[in-house]
Amino acid sequence: MFRLSQYMQQLKTPTPVRVRRGSGGVKPVVIWNMTRRCNLKCRHCYTTSADVQFPGELSHDQAMGVLDDLNDFKIPALILSGGEPLSRFDFFDLAKRARELDFRYLALSTNGTKLTGDAVAKVADLNFDYVGISIDGVKDFNDWFRGQEGAYDEALHGIRECKKRGIKVGLRFTITEDSAHMLDDMLDLCDAEGVDKFYLSHLVYAGRGDKHRGDDTEHKRTRKAMDTLIQRGWDAIQNDKPLELVTGNNDADAVYFLKWVQENFSAEQAAQVQSHLEAWGGNSSGLGVANIDPLGRVHPDTYWSDYTIGNVKSTPFTQLWTGDDPMLATLRQRPRPLKGRCGECTFKDVCGGNTRIRALQVTGDPWAEDPACYMSNQEVGIDEHVGDGVVVTPFRGKRHDPKHQFL
Ligand code: SF4
């Protein structure tokens, strides 16, 4: 996740750089997909969720064991996600236990439609540090995108119920070619509703997101969206407005932002921002981020469902994460063994090579260039002989895609 507002703040109030990545010992933020069940059917859903009970999900006791293990590991943050986490039969028991265990940061990622009545009161009582609610466009578009009429109104109601109870709430918006023009509307909605954080997510080619990868935003449209976000973010910083802006799933956003800083501020300020961005290091799959899926399988992040490190049903997460898995070891290398444009890029210390799953889906190679990078070769110091990059072809069925060669 790229914290745009936080790095922008460096232009106003510079702070010393804290190096986060050492030779080891980085504890991950764990995103736990507690269930695959969900009452919506979103076009970008990486878990391909549906409103049915999927077999093999963790039992109550197994899930309680996961919480104990994660707490002992002293992870910096636990994000309860799904499917729709509130669809899990024992969600509130697990959330209560997580609160009792005193995780440093406990967040909920939800479609918002179930945040009514007793449920939202319980969420408030549990004192979640943050609740992220997804809205993917204005009214009917959101309902079409998320597969249920009325989902927009219900999610907005959920946001209002959270705000009423003093819960820090974020709006999550996935940008596609069809929804890009609604970005300003989404930001206006945040301002009008007093939303604390806006999360712009880029499309990842996983689950239904892969089936709809042909809907991904054209590079010129992504750049325009980033211009909007940077402008709105800078306006908020200058006027001490509280809305925090972050982006996810395209770490080239940090490079694009750095270019904006270089063009509009002093060399000294640009160097300060670049040092902070390099200390962050871009994509953090397998290092600062981990995923446990509904079946208990551990992955380098939420989109890596095709690569499993092990299963918490038989081995504790801590043991899997600190073991000798070769893909985790390679993801933790800096620089990563990137190829193509990413391998040649002079900003890979900032970006970390972006979202490897997009490279994998389109080429079969997890170290190929990320096709969603919208920086030009010239902007990131890539020799022209490398070419313009991998082209994203619309999904025509798995058998038409290259076979995945992880290692
Ligand atoms: S070329 Fe690759 S490493 Fe460089 S900014 Fe783009 S995605 Fe990041």
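Residues numbered from 1 in each chain as written. Predicted model: local features only at pLDDT ≥ 70, side-chain atom pairs only at ≥ 80, totals over all residues. Heavy atoms only, no water.

Novice: Summarise the overall build of the protein chain; cite the residues concerned and give the values.
Specialist: Counting its secondary structure elements, the protein chain contains 16 helices and 10 strands. In terms of overall dimensions, the protein chain is globule-like: its C-alpha atoms have a radius of gyration of 20 Å, near the 22 Å expected for 407 residues. Counting only C-alpha atoms and orienting by the principal axes, one finds that the protein chain spans roughly 55 × 50 × 45 Å. Classification of the 407 residues of the protein chain by burial places 56% in the buried group. Restricting the contact set of the protein chain to residue pairs at least 6 apart, pairs at least 24 apart contribute 74%. (Helix = DSSP H or I, 4+ residues; strand = E, 2+ residues; numbered from the N terminus. Rg over C-alpha atoms; globule rule 2.2 N^0.38 Å. Buried < 20%, exposed > 50% of the residue type's maximum accessible area, 1.4 Å probe, protein only. Contact = heavy atoms within 4.5 Å.)

Novice: Give me the pairing of strand 4 (residues 130-134): which residues, what numbers.
Specialist: The side chains of a regular strand alternate, residue by residue, between the two faces of the sheet. Taking burial as the measure, the 5 residues of strand 4 include 5 buried ones, the bulk of the element. Burial along strand 4 is two-sided: the face carrying Tyr 130, Gly 132 and Ser 134 and the face carrying Val 131 and Ile 133 are both buried. Note that strand 3 (residues 106-110) and strand 4 share 4 bridges and pair parallel. What sits directly across from Ala 107, in strand 4, is Tyr 130. For the crossover from strand 3 across helix 4 (residues 117-125) to strand 4, the handedness is right-handed. (Pairing = 2+ DSSP bridges. Right-handed = clockwise from strand over helix to strand, strands pointing away.)

Novice: Describe the nonpolar core, with residues and values.
Specialist: Judged by nonpolar contacts, the single largest core of 105 residues is most densely connected at Leu 78, Phe 198 and Phe 257. Looking at which element gives the most residues to this core, the answer is helix 10 (residues 252-264), with 8 residues. (Core = buried A, V, L, I, M, F, W, Y, C linked by side-chain atoms within 4.5 Å.)

Novice: Could you give me a rundown of a negative patch on the surface, with the residues and numbers involved?
Specialist: Taken together, the side chains of Glu 344, Asp 383, Glu 384 and Asp 388 make up a negatively charged region of the molecular surface. For Asp 383, the location among the structural elements is in the segment after helix 16 (356-363). (Patch = residues over 30% accessible without salt bridge, like charges linked within 9 Å, V, L, I, M, F, W, Y side chains within 5 Å. Areas by Shrake-Rupley, 256 points an atom, 1.4 Å probe, with all protein chains shown as cover. Salt bridge = Lys/Arg side-chain N within 4 Å of Asp/Glu carboxyl O. Lys, Arg positive; Asp, Glu negative; His and termini not counted. Charge placed at Lys NZ, Arg CZ, Asp CG, Glu CD.)

Novice: Kindly report on the site of the ligand, identifying the contributing residues and their values.
Specialist: Taken together, the residues surrounding the ligand are Val 255, Arg 341, Cys 342, Cys 345, Lys 348, Cys 351, Gly 353, Asn 354 and Cys 373. Listing elements by their share of the shell around the ligand, those giving two or more residues are helix 14 (340-344) and helix 15 (348-351). A per-class count over the shell around the ligand returns 5 nonpolar, 2 polar and 2 charged. (Near = heavy atom within 4 Å. Nonpolar A, V, L, I, M, F, W, Y, C, P; charged D, E, K, R; others polar.)

Novice: Could you give an account of the pairing of strand 2 (residues 78-81), with specific residues and numbers?
Specialist: Two elements, strand 1 (residues 29-33) and strand 2, share 4 bridges in a ladder whose sense is parallel. Directly across from Val 30, in strand 2, lies its bridge partner Leu 78. Regarding topology, helix 2 (residues 60-73) serves as the crossover connection from strand 1 to the parallel strand 2, and that connection is right-handed. With 3 bridges connecting them, strand 2 and strand 3 associate as parallel partners. Its bridge partner being in strand 3, Leu 80 is matched across the sheet by Leu 108. Each parallel crossover has a hand, and for strand 2 linked through helix 3 (residues 91-101) to strand 3 it is right-handed.

Novice: Residues and numbers for unusual backbone geometry, please.
Specialist: Between Gly 82 and Gly 83 the backbone carries a cis peptide bond, its omega angle lying at 20 degrees. Within the secondary structure, Gly 83 is located in the loop between strand 2 and helix 3. At the junction of Arg 334 and Pro 335, the peptide bond is cis and its omega measures out at -5 degrees in the coordinates. Considering the arrangement of structural elements, one finds Pro 335 in the loop between helix 13 (326-331) and helix 14.

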